[in-house]
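# Structural features, examined
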Amino acid sequence: MTDPVAGRSPGRASGAHLPGAHQWLGIIEEYRDRLPVSESTPVITLCEGGTPLVLSQSLSEETGCEVWLKYEGANPTGSFKDRGMTLAISKAIEEGSKAVVCASTGNTSASAAAYAAKAGITCAVLLPKGKVALGKMAATLVHGARMLEVLGNFDESLELAKDLSEHYPVTLVNSVNPYRLQGQKTAAFEICDALGRAPDVHCVPVGNAGNISSHWMGYSEYLADGMIAEPPQLFGFQASGAAPIVNGAPVKDPQTIATAIRIGNPASWDKAVAAATQSEGGIQSVTDREILSAYRRVAREGLFVEPASAASVAGLLQLHQAGTLRRGSIVVCILTGHGLKDPEWAISGAAHPITVPPDAAVVAGELGL
Ligand SMILES: *Cc1c(COP(=O)(O)O)cnc(C)c1O
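In this text, all values refer to a predicted model and were calculated from it rather than measured experimentally. (Residues numbered from 1 in each chain as written. Predicted model: local features only at pLDDT ≥ 70, side-chain atom pairs only at ≥ 80, totals over all residues. Heavy atoms only, no water.)

Near the ligand lie 16 residues; those nearest to it are Lys-81, Asn-107, Asn-208, Asn-211 and Thr-336. A distance of 2.8 Å is found between an oxygen atom of the ligand and a backbone nitrogen or oxygen belonging to Gly-207. Between the ligand and Ala-209 there is a distance of 2.8 Å, counted from an oxygen atom to a backbone nitrogen or oxygen. Relative to its unbound accessible area of 380 Å², the ligand is 97% covered by the protein chains. The site holding the ligand turns out to be the largest cavity. (Near = heavy atom within 4 Å. Polar contact = N/O pair within 3.5 Å; in protein donor to acceptor, adjacent residues only side chain to side chain. Areas by Shrake-Rupley, 256 points an atom, 1.4 Å probe, with all protein chains shown as cover. 1 Å grid on protein atoms, 1.4 Å probe; cavity = no way out; pocket = protein on both sides within 12 Å on 5 of 7 lines; lining within 4 Å. Sits in = over half its atoms within 2 Å of the grid points.)

What follows is the structure in structure tokens.
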């Protein structure tokens, strides 16, 4: 028998009365004084946030920096979108909304569907037809969302969602909803709280550009309140086939295997540029080949992410090769979403399994034991 106190898991709610017991309560309760909520805001939470910040030995050795990976795939629906969605849905309920709508490349819809289910309201999602990974479709459907496939790309789906919310009684929960960025800024708070300071360099994938904008808000607020002495340089990375900010013009038909950042006209374009400029960082592009190489690399360190998530690590390696990183810098790369929702690239890049009889000697032979 394990000792009942020492053996308990730290987050077990049933142990909440035990000394030292603690369950992470979700970003609204954990950062209540830094978010636009009041006593009367209903808190719709799946205990999102509190995600692991993992030191990468191999990336640290290669770059001569201290490289940390913020694993946002550990959120309840497998992406950072949950940080923004808990607040967007809570505020929608506070304001009396009975239905929410979003356009999505898959993770926003999975998150909206889950939080709307928790709140007991209707969720409608607009997905670009044929462009969404199977796992993301499943994660959206299982919560009972109304899924509509749009004959168009993400950018057109977002215009449609905005149009609906302007003319019908339904709340838009894409990242143009200001509560989404408010919730997502908590990733920056968590990083500073974990490191005891801000990193020197912060790398993040850029799609619709909400995340990079929200992270800059978070660091700026901590800086203004004296919680940190210096903000990091923010570097955002677009896929080279979907790099409107880097090119300086919208991309009509964006192409990349990193579906979560296949976006040609980012909603938070100006905010992202401001974040990069004010922090003395930048917005750059990485190729699909670089993204896939980084994807396999973090997988070999035990972190399964989706391709888009690996753009931050691909970007870090690019900064290193360009000589941009000072030796000894503290670097954080955001790994935005879990790999299981888009497993295609994990399987296609892997060796085929071998079929064996149930015979230990044969199996040992195959394994070279
Ligand atoms: C949404 C998403 C992105 C892009 O984030 P933006 O805020 O749109 O820039 C990147 N990776 C994953 C896994 C996502 O779900």
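Looking now at the nonpolar core. The nonpolar side chains of a soluble globular protein tend to be buried, and buried together. In terms of nonpolar packing, the biggest core is built from 34 residues, with Leu-69, Cys-203, Val-313 and Val-331 touching the most fellow members. The set of elements that each furnish at least two residues to this core consists of strand 2 (66-71), strand 7 (201-205), strand 8 (233-239), helix 12 (288-299), helix 13 (311-321) and strand 10 (330-335). The greatest single-element share of this core, amounting to 6 residues, is contributed by helix 13. When near neighbours in sequence (up to four residues on either side) are disregarded, Val-331 contacts Cys-65, Glu-66, Val-67, Trp-68, Val-201, Cys-203 and Leu-316. Counting 31 residues, the second-largest nonpolar core is a separate cluster that includes Cys-192, Ile-212, Trp-216 and Val-332. (Core = buried A, V, L, I, M, F, W, Y, C linked by side-chain atoms within 4.5 Å. Buried < 20%, exposed > 50% of the residue type's maximum accessible area, 1.4 Å probe, protein only. Helix = DSSP H or I, 4+ residues; strand = E, 2+ residues; numbered from the N terminus. Contact = heavy atoms within 4.5 Å.)

Further remarks concern the sheet that holds strand 5 (residues 146-150). Across the sheet, which stays open at both edges, the 4 strands sit in the order 5-4-3-6 with parallel pairing between neighbours. The open sheet has two free edges, formed respectively by strand 5 and strand 6 (171-172), since each of these has just one partner strand. (Pairing = 2+ DSSP bridges.)

Further remarks concern empty space enclosed by the protein. Across all of its chains, the model carries 2 cavities of 30 Å³ or more by this definition. As for the largest cavity, its lining consists of 29 residues, of which Phe-80, Lys-81, Gly-207, Asn-208 and Ala-260 are closest to the centre. Among the elements that take part in the lining of the largest cavity, helix 9 (residues 210-224) stands out by supplying 3 residues, more than any other. Among the residues forming the lining of the largest cavity, the class breakdown is 11 nonpolar, 15 polar and 3 charged. In this structure, the second largest cavity occupies an estimated 120 Å³ of space. Every residue lining the second largest cavity is listed: Thr-105, Pro-128, Lys-131, Asn-153, Phe-154, Asp-253, Pro-254, Gln-255, Thr-259 and Arg-262. Its residues assigned to classes, the lining of the second largest cavity comprises 3 nonpolar, 4 polar and 3 charged. (Points joined across faces, edges and corners; volume = space filled by probe spheres on them. Nonpolar A, V, L, I, M, F, W, Y, C, P; charged D, E, K, R; others polar.)

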